[in-house]
Amino acid sequence: MSETGLETQVSDLTFASKAGALNVNISFVKDVSEIQLAKNDSMLMIGKSKDLKLVQHSHLSSVLTKLQIPANWYNESINYLCPQKKTDEDTPKPANGNTVSWLNKLVINTISGKFSRNNTPSRAHLISKIVKSNCFSENQVILIACERRNAVASACAVARSFPLYTSKTNDSKKQRNVAVSFLFTDNLTSGSINPTDDEVKCFNAVAESVRLTAKIVDTPCAEMTTNNFLDEIKRVAKDLGLEPMVIEGEELNNRGFGGLYNVGKAALHPPKLVVLSNLKPQAKRTIAWVGKGIVYDTGGLCIKSRAGMCGMKQDCGGAAGVLGAFYTAVKLGFEDNLHAVFCLAENAVGPNAYRPDDIIKLYSGKTVEITNTDAEGRVVLGDGVAYARKDLKADIIVDMATLTGAQGAATGKYHAAVLTNSEKWESACVDASKLCADLCYPLVFSPELHFSEFNSEVADMKNSVSNPSNAASACAGLFIHSHIGPKYDGIWIHLDIASPVSDGDRATGFGVALLNSLFGDSSLNSAFKLLGPTTTLPLKNEETESDD
Ligand SMILES: [Zn+2]
């Protein structure tokens, strides 16, 4: 299978920093018939019944011959799994009735075609489950039959099934190869049933980014300090031919970044504001993606419980998602100005830790009375979004963060919560999320009703709400928004990914596909253009504010 030569196109980003990484190489190819197969290799076919039944033996004859799969078995299996008559689809199948297998060399698995209006038509979450439980051979082929617009979501679903980070001593160091391709059922008659070169480039980039993002989130803080995170950013920057801007440690304090400085100052490794910029002379808009990168969150002096602290290595998921998304966007070509802003800090406990009652001044110039050191994400992001507005002059500021436990209660473990000052962008987020399968759903945006939760007697605001039952996730977002400033007439979008950042104990790489799909109209790549907004979205928010 190594004969495809595609392995060499995939850079070593995802493997660079971790000697113990699971050694699974994923490469997307145009056509399964390109793949050199040995007789011990195996293939997994996935698709909805309506798509799989369109895949004829003739579409796959070369690969089925190599695997020595009898044609009549293939045809009978497809007929069994994908009944031709509509009425047969509702007939219950026996246990495991959605899977057939030929000596484990070919496994065909149908996924349900049903999806409700807040789910993704791609059913990507099912694809991940099937891939995780069916791919064991050294050389594995995965073939997905789907509509063209579901391919990016499906590619990400495959990528997140093969995590990179491990410290298990018995994980095989032997390299495994996974080759993935698609048959597009909406093009079966027109001849373009395989992905184009442009699409293959997209799938490889986005898969690499999803795995990079997940690796950073899965890596424990002892190995993913703020310094190590900066190294990851530098590796991405080098690959893209960019130079990161770094402000760290005491310099943050000297330059007015009181939020990031105070949250991170008790840790051994200093806090940092890091910025990557892709500048285009012909740009029509300037976009900033700001990520929360708390590499570990003990809660600070308001320390978390034993159970509540486990998993807090994942608190850098926003910044990791921004890094992966930026890599994909720039690698594939992005025609507008794009900045990635990383707010990196470890919320540690120590003699120098910031305390409840401390009053700190953020980069916005506003003062904050600390009432909960565990509400640190909004404090570091306050500095990040203020920098995006003041220094980067961004028209559109998106912050992404594992911000609140309340997000899970509000929108659940699959959907991120989106809070924005623009209804048009809110719709665009929800639409893009369904196409790319990084789902999201809106929270209420009413600063004039909710911001009083942060009222303070002695500073401009507190950092935690007085009533946690009053739209807590939305309020946390509004805290960040308040540091962009009331005069900002641009677009602000806040994505709280606290729950969808992981599935059980594994990171999902959430955010890579969502940011690239939402800004698909700036992409030079056809796969993301297909998922991007279909109308030109505004650069000014629609808030009606009288000057009082
Ligand atoms: Zn916290």
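Residues numbered from 1 in each chain as written. Predicted model: local features only at pLDDT ≥ 70, side-chain atom pairs only at ≥ 80, totals over all residues. Heavy atoms only, no water.

As recorded in an unreviewed UniProt entry, the chain goes by the name Cytosol aminopeptidase domain-containing protein, listed as coming from Brachionus calyciflorus.

S.K.: How would you sum up the overall build of the chain? Please name residues and give values.
M.R.: The number of helices and strands found in the chain is 18 helices and 19 strands. A globule of 548 residues ought to have a C-alpha radius of gyration of about 24 Å, and the chain, at 24 Å, matches this closely. In terms of overall dimensions, the chain has C-alpha extents of about 80 × 50 × 50 Å along its principal axes. Burial statistics for the chain: of 548 residues in total, 60% are counted as buried. (Helix = DSSP H or I, 4+ residues; strand = E, 2+ residues; numbered from the N terminus. Rg over C-alpha atoms; globule rule 2.2 N^0.38 Å. Buried < 20%, exposed > 50% of the residue type's maximum accessible area, 1.4 Å probe, protein only.)

S.K.: Tell me about the sheet that holds strand S11 (residues 359-361), residues and numbers included.
M.R.: Read from one edge of the open sheet, three strands run S11-S12-S16, paired in mixed fashion. Both outer strands of the open sheet, S11 and strand S16 (461-462), are each paired with one neighbouring strand and no more. Where strand S12 (residues 367-369) lies against S16, two bridges are found, and the strand directions are parallel. Bridge pairing links Glu369 to Lys462 in S16. (Pairing = 2+ DSSP bridges.)

S.K.: Explain the sheet that holds strand S2 (residues 42-48) residue by residue, including any values.
M.R.: By way of backbone hydrogen bonds, the strands of a sheet pair with one another, either parallel or antiparallel. Taking strand neighbours across the sheet as the criterion, the six strands line up as S1-S6-S5-S2-S4-S3 in an open arrangement whose pairing is mixed. Pairing within the sheet leaves two strands with one partner each, and these edge strands are strand S1 (24-28) and strand S3 (99-102). Recorded for the sheet is a direction-independent mean angle of 15° between the axes of neighbouring strands. Bridge count between S3 and strand S4 (residues 106-111): four bridges; the pairing is antiparallel. Bridge pairing in S4 links Ser101 to Val107. Along the sheet, helix H6 (residues 197-218) makes contact with S1 and strand S6 (176-184), crossing S1 at roughly 150°. (Axes fitted to C-alpha atoms, helices over the stretch in contact; angles between N-to-C directions. Contact = heavy atoms within 4.5 Å.)

S.K.: An account of the pairing of strand S5 (residues 139-146) is requested, with residue identities and associated values reported.
M.R.: Within S5, eight of the eight residues are buried, which leaves the element mostly enclosed by the surrounding structure. Where S5 meets S6, eight bridges bridge the pair, whose relative direction is parallel. When the bridges of S6 are listed, Ile144 appears paired with Phe182.

S.K.: Explain helix H7 (residues 226-240) to me, and be specific about the residues and the numbers.
M.R.: In this model, H7 (15 residues) spans 21 Å end to end at C-alpha, consistent with the 21 Å of a helix rising 1.5 Å per residue. Taken together, the buried positions of H7 are Thr226, Phe229, Leu230, Glu232, Ile233, Val236, Ala237 and Leu240. Taken down its axis, H7 places every buried residue within 155° of arc, on the same side. The elements touched by buried residues of H7 are H6, strand S7 (245-248), strand S8 (272-278), strand S9 (286-297), helix H11 (317-332) and strand S10 (337-347). In the stretch just after H7, Gly241 is the one whose phi turns positive, near 75°. (Expected span 1.5 Å × (residues − 1). Arc of directions from axis to C-beta.)

S.K.: With reference to specific residues and values, describe the coordination of the zinc ion.
M.R.: When a metal carries six donors in an octahedron, the ideal angles between them are 90 or 180 degrees, while four donors in a tetrahedron ideally lie at 109.5 degrees. The zinc ion binds to the protein through Asp297 (OD), Asp374 (O), Asp374 (OD) and Glu376 (OE); the donor distances cover 2.0 to 2.2 Å. One way to put it: the four donor atoms around the zinc ion meet at angles of 75 to 174°, and that makes the site irregular. Its relative accessible area of 3% is what places Asp297 among the buried residues. Residue class for Asp374 comes out partly exposed when judged on its relative accessible area of 23%. (Donors = N, O, S within 2.8 Å, 3.2 Å for Na, K, Ca; no water. Tetrahedral: all angles 85-135°; square planar, octahedral: opposite > 155°, others 65-115°.)

S.K.: Talk me through a nonpolar patch on the surface; I want residue IDs and the actual numbers.
M.R.: Taken together, the side chains of Leu301, Ile303 and Val349 present a nonpolar region at the surface, about 260 Å² in accessible area. With respect to the secondary-structure elements, Ile303 resides in the loop between S9 and helix H10 (306-309). (Patch = residues over 30% accessible without salt bridge, like charges linked within 9 Å, V, L, I, M, F, W, Y side chains within 5 Å. Areas by Shrake-Rupley, 256 points an atom, 1.4 Å probe, with all protein chains shown as cover. Salt bridge = Lys/Arg side-chain N within 4 Å of Asp/Glu carboxyl O.)

S.K.: Please give an account of the environment of Asn253 that cites residues and values.
M.R.: Along the chain, Asn253 falls in helix H8 (residues 250-254). For Asn253, a relative accessible area of 35% corresponds to the partly exposed category. Counting along the chain gives 110 residues from Asn253 to Tyr363, while the straight-line C-alpha distance between them is 9.6 Å.

S.K.: Residue-level account of the domain arrangement of the chain, with values.
M.R.: When cut into domains, the chain gives domain 1 (2-195) and domain 2 (214-531). Placing a centre on the C-alpha atoms of domain 1 and another on those of domain 2 gives a separation of 34 Å. Taken together, the contacts link 25 residues of domain 1 with 28 residues of domain 2. With both chains or domains summed, domain 1 and domain 2 bury close to 2200 Å², and 58% of this area falls on carbon and sulfur atoms. With its nearest N and O atoms 3.4 Å apart, the salt bridge here joins Arg160 to Asp438. In this assembly, domain 1 and domain 2 are joined by seven residue pairs in polar contact (both at pLDDT 80 or more). Here the residues of the side of domain 1 that touches domain 2 sort into ten nonpolar, nine polar and six charged. (Domains from an automatic or database assignment. Buried area = accessible area lost by both parts, 1.4 Å probe. Polar contact = N/O pair within 3.5 Å; in protein donor to acceptor, adjacent residues only side chain to side chain. Nonpolar A, V, L, I, M, F, W, Y, C, P; charged D, E, K, R; others polar.)

S.K.: Which residues make up a negative patch on the surface, and what values do they have?
M.R.: Judged by side-chain charge, Glu423, Glu448, Glu542 and Glu543 come together as a negatively charged surface patch. In this structure, Glu448 sits in helix H15 (residues 447-450). (Lys, Arg positive; Asp, Glu negative; His and termini not counted. Charge placed at Lys NZ, Arg CZ, Asp CG, Glu CD.)

S.K.: If you had to explain the UniProt feature "domain: Cytosol aminopeptidase" (unreviewed entry) in the chain to someone new, which residues and values would you point to?
M.R.: Sites flagged by UniProt as "domain: Cytosol aminopeptidase" (unreviewed entry) map to residues 372-379. Strand forms 0% of residues 372-379 and helix 38%; the C-alpha atoms that close the span are 11 Å apart. (UniProt positions renumbered as here; feature names shortened; annotations may be inferred.)

S.K.: Lay out helix H3 (residues 71-81) in plain terms, naming residues and giving numbers.
M.R.: Among the residues making up H3, those that are buried are Trp73, Tyr74, Ser77, Ile78 and Leu81. Taken around the axis of H3, the buried residues stretch over an arc of 130°, which confines them to a single face. The elements touched by buried residues of H3 are S2, helix H1 (49-52), helix H2 (61-66), S3 and S4.

S.K.: Break down the packing of aromatic side chains for me, citing the residues and quoting the values.
M.R.: Under the defined criterion, the tally for this structure stands at 15 aromatic pairs. Ring geometry for Phe445 and Trp492: centres 6.3 Å apart, planes at 50°, overall tilted. You can see Phe445 sitting in the loop between strand S15 (440-442) and H15 and its partner Trp492 sitting in strand S17 (residues 491-496), a full 47 residues away along the chain. The interplanar angle of 65° and the centroid separation of 5.6 Å between the aromatic rings of Phe454 and Phe479 together place this pair among those described as edge-to-face. With Phe454 in the loop between H15 and S16 and Phe479 in helix H16 (residues 472-482), this residue pair connects regions lying 25 residues apart in the sequence. (Phe/Tyr/Trp six-rings, centres within 6.5 Å; stacked < 30°, edge-to-face > 60°.)

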